[in-house]
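Coordinates in review
Listed here are the chains, written in short residue letters.
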Amino acid sequence: MKLMFIAVALICFTALACKKSEPDPPTLLGSWVEKSIRLDTLDFFYTDLFGPAMQWRSANYTDSVLNPNFPVNHSGLYSCLHLGDSVRLRNIASSSGISFTYHLSFLAGGNTFSIGKFYSRRPLAAIIEFERVR
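Residues numbered from 1 in each chain as written. Predicted model: local features only at pLDDT ≥ 70, side-chain atom pairs only at ≥ 80, totals over all residues. Heavy atoms only, no water.

Let us now look at the overall build of the protein. For the protein, the count of helices and strands is one helix and ten strands. Put simply, the protein has 134 residues, and 30% of those count as buried. A fraction of 35% describes how many contacts in the protein between residues 6 or more apart in sequence connect residues 24 or more apart. Of the roughly 9,000 Å² of accessible surface on the protein, a fraction of 62% belongs to carbon and sulfur atoms. (Helix = DSSP H or I, 4+ residues; strand = E, 2+ residues; numbered from the N terminus. Buried < 20%, exposed > 50% of the residue type's maximum accessible area, 1.4 Å probe, protein only. Contact = heavy atoms within 4.5 Å. Areas by Shrake-Rupley, 256 points an atom, 1.4 Å probe, with all protein chains shown as cover.)

Right, dumping it as structure tokens:
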């Protein structure tokens, strides 16, 4: 009887130990490219000085409305705080301490995310999609 109890207890403990854990939530860390025109890249990483940060590389383009004579480039380094369903961005080079919050949602198993338009490239929609490249 004692041996039967030990065997049942061992089976129960084994079953509990093999319980599947919840998958890790998607992370922003890595490089992402804008999906529609593929000219803008986001790199999310950690820094010792600023903590979570985002480097945004934007390809130069000419905007006939903003300034038809000179190329526009919105690249920059931002502090970044991922808040689950949103992200708070602040331009590190700016003298302003104001940060802006944008809604963020992961799609396709965490390899794509959509975010509210946070820069003024004209052909982009109000919601921009980025896909992970590494």
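Read on for the rest.
With that settled, the discussion passes to the nonpolar core. Ranked by size, the top nonpolar core spans 19 residues in total, and within it Leu42, Met54, Phe113, Ile115, Phe118 and Phe130 carry the most contacts. Elements supplying a minimum of two residues to this core: strand E2 (40-47), strand E3 (51-58), strand E6 (76-82), strand E7 (86-91), strand E8 (100-107), strand E9 (112-116) and strand E10 (127-132). With sequence-adjacent residues up to four places away left out, Leu42 is seen in contact with Gly30, Ser31, Trp32, Met54, Gln55, Trp56, Phe113, Phe118 and Phe130. (Core = buried A, V, L, I, M, F, W, Y, C linked by side-chain atoms within 4.5 Å.)

Spatially, E1-E2-E3-E6-E7-E8-E9-E10 is the arrangement adopted by the eight strands of the closed barrel, whose pairing is antiparallel. On average, each strand axis in the sheet is inclined to that of its neighbour by 35 degrees, with strand direction left out of account. Sheet topology note: the strand E1 (residues 30-34)/E2 ladder contains four bridges and is antiparallel. Residue pairing across strands places Gly30 opposite Phe44, the latter belonging to E2. (Pairing = 2+ DSSP bridges. Axes fitted to C-alpha atoms, helices over the stretch in contact; angles between N-to-C directions.)

Its identity is not glycine, yet Arg38 carries a phi of approximately 55 degrees, on the positive side. Summarising the element assignment, Arg38 is placed in the loop between E1 and E2.

Next up on the list: the environment of Phe113. Secondary-structure assignment places Phe113 in strand E9. Take Phe113: its relative accessible area is 0%, and that puts it in the buried class. In this structure, the C-alpha to C-alpha distance between Phe113 and Phe130, residues 17 residues apart in sequence, is 5.5 Å. Each residue touching Phe113, except ones within four places of it in the same chain, is listed here: Leu28, Trp32, Leu42, Phe44, Leu104, Ser105, Phe106, Leu107, Ile128, Glu129 and Phe130.

On to the environment of His103. If you trace the backbone, His103 turns up in strand E8. Considered as a pair, His103 and Val87 are 16 residues apart in the sequence and their alpha carbons are 6.5 Å apart. Of note is the side chain of His103, whose polar atom sits 3.1 Å from the backbone oxygen of Asp85. (Polar contact = N/O pair within 3.5 Å; in protein donor to acceptor, adjacent residues only side chain to side chain.)

What follows concerns the confidence of the model for the protein. Confidence in the prediction of the protein, expressed as mean pLDDT, is 79, and 80% of residues score 70 or more. By mean pLDDT, the top-scoring element of the protein is E10 (94), and the lowest-scoring one is helix H1 (residues 2-17) (52). (pLDDT = per-residue confidence, 0-100.)

Considering all chains together, one arrives at four salt bridges under this definition. For the salt bridge of Glu129 with Lys35, the shortest nitrogen-to-oxygen distance reads 3.5 Å. Here Lys35 lies in the loop between E1 and E2 and Glu129 lies in strand E10, a separation of 94 residues in the sequence. Residue class for Glu129 comes out partly exposed when judged on its relative accessible area of 32%. One salt bridge connects Asp40 with Arg121, and the closest N-O pair in it is separated by 2.8 Å. Here Asp40, found in strand E2, pairs with Arg121, found in the loop between E9 and E10; they are 81 residues apart in sequence, far enough to count as distant. Just as Asp40 is buried, Arg121 falls in that class too. (Salt bridge = Lys/Arg side-chain N within 4 Å of Asp/Glu carboxyl O.)

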